[in-house]
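Each chain, written out:
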Amino acid sequence: MSRMGDVLVGFHATWEFESDSVLIRYERGIRTPKLFQALGERRVPLEAIAGVSLTRGKRGTVVLRVEPRPGADPLMEAAAGQLKESCDPYRLVLPAEREMLAEYYADELKSLLAESGPADRFLVEPPKGPSSFKAYDGKAAFDGRTVSFRWFWTGASSAKWKAGDQSFPVGELNGVEWRSPEVFEGHLRLLRRDGAAVTPAQADQDPAAVVFGLGYGPVHESLPFAAAVLAAVRTSDPLAAVPAARPRRDPADIAERIRHLGELHQAGLVTDEEFSVKKSELLAEL
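Worth saying up front: this structure is predicted, and the values here are computed from it rather than measured.

**Student:** Go over the overall build of the protein with me, naming the residues and quoting the values.
**Tutor:** A count of helices and strands for the protein gives seven helices and 14 strands. Relative to its full complement of 286 residues, the protein shows a buried share of 45%. Here the analysis covers contacts within the protein between residues at least 6 apart in sequence; of these, 60% occur between residues at least 24 apart. Here the protein has roughly 15000 Å² of accessible surface; of this, 51% comes from carbon and sulfur atoms.

**Student:** Go over the nonpolar core, please, and point to the residues and values.
**Tutor:** Trp 15, Leu 64, Leu 223 and Val 229 are the most contacted members of the largest nonpolar core, which has 66 residues in total. Looking at this core element by element, the count peaks at 10 residues for helix H5 (residues 219-235). Setting aside anything within four residues of it in sequence, one finds Trp 15 in contact with Asp 6, Val 7, Leu 8, Val 22, Leu 23, Ile 24, Leu 64, Arg 65, Val 66, Tyr 90, Arg 91 and Leu 92. If you look at the next biggest cluster of nonpolar residues, it comprises five residues, including Ile 258, Leu 261, Phe 275 and Leu 282.

**Student:** I'd love a proper account of the layout of surface pockets, names of residues and values included.
**Tutor:** The space that makes up the largest pocket amounts to roughly 510 Å³. Taken together, 18 residues line the largest pocket, and the ones lying closest to its centre are Arg 59, Thr 61, Ser 86, Arg 91 and Val 93. For the lining of the largest pocket, the elements supplying multiple residues, two or more each, are strand S5 (49-56), strand S6 (61-68) and strand S7 (91-95). It is S7 that contributes the most residues to the lining of the largest pocket, three residues altogether.

**Student:** Please set out the side chain of Lys 160 residue by residue, giving values where relevant.
**Tutor:** Looking at the element boundaries, Lys 160 is found in helix H4 (residues 158-163). You can call Lys 160 buried: its relative accessible area is 0%. Only 2.8 Å separates the side chain of Lys 160 from the backbone oxygen of Ala 209, close enough to count as a polar contact.

What counts and how
- Residues numbered from 1 in each chain as written.
- Predicted model: local features only at pLDDT ≥ 70, side-chain atom pairs only at ≥ 80, totals over all residues.
- Heavy atoms only, no water.
- Helix = DSSP H or I, 4+ residues; strand = E, 2+ residues; numbered from the N terminus.
- Buried < 20%, exposed > 50% of the residue type's maximum accessible area, 1.4 Å probe, protein only.
- Contact = heavy atoms within 4.5 Å.
- Areas by Shrake-Rupley, 256 points an atom, 1.4 Å probe, with all protein chains shown as cover.
- Core = buried A, V, L, I, M, F, W, Y, C linked by side-chain atoms within 4.5 Å.
- 1 Å grid on protein atoms, 1.4 Å probe; cavity = no way out; pocket = protein on both sides within 12 Å on 5 of 7 lines; lining within 4 Å.
- Points joined across faces, edges and corners; volume = space filled by probe spheres on them.
- Polar contact = N/O pair within 3.5 Å; in protein donor to acceptor, adjacent residues only side chain to side chain.

Take a look at the structure:
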C-alpha cells in the first residue's frame, strides 16, 4: 500500500489504493445501481475504516468490503442500516479469479488500520447529492444552510397545508431521520434541537417531514440529500443560524394553493379563521 495508484477493478466500481485513503470511483451504466451513479466517487480515509473482509459472493464472485467506523460517514449514518446489500457503497464485487489479488489488498489494508471505535466527527465527505428532490407530498430543497419543504396540493395532508411551506435553518436541527422509500412509510424527517413541538407519529402529518411513494424520494436522491443535511447539522453553529428569506412565489402557484385551501375550508377541514390567516399569508408571498 506504499505505492500510489494501485487499482482494483470490480463490477460497478474501481478502488484506487493510496497511502492514506481508498478512492472509490463508481461506474455509470444501466446495470450500475443508481445510488452508485449518484455518488460518482468517494475518498475514504484509512482512519475512517474499522475493518476489512473478503468473502465468497454469488455466481463465481468474491466480495471485498471495508467496514466504516461508526460515525465516520454521514451517508451510512443517514442510511442507518437500511441499504440493500447490492447498494452498499463499501462492497467491491470481483470475479473469483481475482481472489488472490483481492486478498493481498485486504491484508495490506488491515495492516494499516489503527482505529476501530466510533469516530467523534465525520471523516468521509458527504456526497454531492441533489440540492432538491420530489417527495410524494412536497419538494425538499437544501442550499447548504436551510432545508425547505414546499407542499404539493395533490399530495400534502391538510395538516401540512395548515402549517404552510416550511423552512429550517440547519442550526435549529439536531439530525435527520431517513426511512427508505423501499419500505412501508418511507420518509425524511428533520429532527429539531429545541424539541418543543410535539412530533406527530405519522410523517404525513408532520410539517418537518416529507413522505415518499412510488417514484417519489428514490434512494439515490433522498439518501444523499439526507446525508448532506446531516453533515451540515453536525458542523453548524446554532447561534449563527439565520433563517433564509422566503422567496416570492409564482402567482399561478399561489392561486392554485388558495383554491385548494378553499376546498379544505368548504369541506370543514379548515376553520374560518385558519382560512383567512393562510389566505393572507399566501397573498403576502406575491
